[in-house]
Amino acid sequence: MSQARLQVDADGVVQLHGALDFDSAPALREQLLDAAAQGQGALVLDFAQVTQANSVALSLLLRAAEQASRNGRGLQLRALPAGVQSMARVCGLEDWLQQHTPAST
């Protein structure tokens, strides 16, 4: 069974941990949508602790973005895995993704 979880840190950053796959998606989706519906300011999703990500990760982030937008929140993505970035390009979402990913400094 896949192990994945999310944690909201003291600054309100949603940190995703583990494998984002078909096994972990149902539980993570509900937690992520709850996090997107709460709080103020941009929803920050940090993927730095993600060990594996397939198309489910792209689906989860799009759903979270939609929920955040409904609640008047922006979106910021951190440390998005290269595979998810590639899938976004294939889906024609590269420009959208760049709007939500801060430039590296």
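Look above for the structure.
Residues numbered from 1 in each chain as written. Predicted model: local features only at pLDDT ≥ 70, side-chain atom pairs only at ≥ 80, totals over all residues. Heavy atoms only, no water.

J.: Please explain the nonpolar core as it appears in this structure.
T.: In globular proteins that are soluble, nonpolar side chains generally tend to be buried together. Residues Leu43, Leu45, Phe47, Leu61 and Leu77 are the most contacted members of the largest nonpolar core, which totals 27 residues. Mapped onto this core, the elements with two or more residues apiece are strand 2 (14-20), helix 1 (25-37), strand 3 (43-53), helix 2 (55-70), strand 4 (75-78) and helix 3 (82-90). Per-element accounting of this core gives the leading share, 8 residues, to helix 2. (Core = buried A, V, L, I, M, F, W, Y, C linked by side-chain atoms within 4.5 Å. Buried < 20%, exposed > 50% of the residue type's maximum accessible area, 1.4 Å probe, protein only. Helix = DSSP H or I, 4+ residues; strand = E, 2+ residues; numbered from the N terminus.)

J.: Which parts of the structure should I look at to understand the packing of helix 1 against helix 2?
T.: Between two packed helices, the angle of one axis relative to the other and the distance separating the axes together describe the packing. Here helix 1 crosses helix 2 at 25°, and the two axes come no closer than 8 Å. If you check the angle between helix 1 and helix 2, you find them roughly parallel. Of the two elements, helix 1 crosses helix 2, and the hand of that crossing is right-handed. Contacts between helix 1 and helix 2 pair Ala25, Leu28, Arg29, Leu32, Leu33, Ala36 and Ala37 from the former with Val56, Leu60, Arg63, Ala64, Gln67 and Ala68 from the latter. Residue composition of the contact of helix 1 with helix 2, by class: 10 nonpolar, 1 polar and 2 charged. (Axes fitted to C-alpha atoms, helices over the stretch in contact; angles between N-to-C directions. Parallel < 35°, antiparallel > 145°, perpendicular 65-115°, else oblique. Left-handed = near helix turned anticlockwise from the far one by under 90°. Contact = heavy atoms within 4.5 Å. Nonpolar A, V, L, I, M, F, W, Y, C, P; charged D, E, K, R; others polar.)

J.: When you look at the sheet that holds strand 1 (residues 4-8) in this model, what are you seeing that I'm missing?
T.: Strand pairs in the sheet, formed through backbone hydrogen bonds, run parallel or antiparallel to each other. Here we have 4 strands laid out as an open sheet, ordered 1-2-3-4, and mixed in their pairing. Where the open sheet ends on each side, the last strands, each with one partner, are strand 1 and strand 4. Strand after strand, the sheet turns through a mean of 20° between neighbouring axes, direction not considered. Pairing analysis gives 4 bridges linking strand 3 to strand 4, with the strands arranged parallel. Bridge assignment links Val44 to a residue of strand 4, and that residue is Gln76. Its contacts with the sheet place helix 2 against strand 2, strand 3 and strand 4, and it is angled at close to 170° to strand 3. (Pairing = 2+ DSSP bridges.)

J.: Looking at this model, I keep getting lost on the packing of helix 2 against helix 3. Mind explaining?
T.: Packing of helix 2 against helix 3 leaves a shortest axis separation of 9 Å and a crossing angle of 70°. Taken together, the axis directions place helix 2 and helix 3 in an arrangement best described as roughly perpendicular. Residues Ser55, Ala57, Leu58 and Leu61 of helix 2 form the contact with helix 3, whose own contacting residues are Val84, Met87 and Ala88. Taken together, the residues of the contact of helix 2 with helix 3 break down into 6 nonpolar, 1 polar and no charged.

J.: It is not clear to me how helix 1 should be interpreted in this structure. Could you clarify?
T.: In an α-helix, one turn spans 3.6 residues, which is why side chains three or four residues apart end up on the same side. With 13 residues, helix 1 extends 18 Å from end C-alpha to end C-alpha; this agrees with the ideal 18 Å at 1.5 Å per step. By the burial criterion, the buried members of helix 1 are Ala25, Leu28, Leu32, Leu33, Ala35 and Ala36. An end-on view of helix 1 places all buried positions within 160° of arc, on one side of the element. The inward-facing, buried residues of helix 1 contact strand 1, strand 2, strand 3 and helix 2. Phi turns positive, to about 85°, at Gly39, one or two residues after helix 1. (Expected span 1.5 Å × (residues − 1). Arc of directions from axis to C-beta.)

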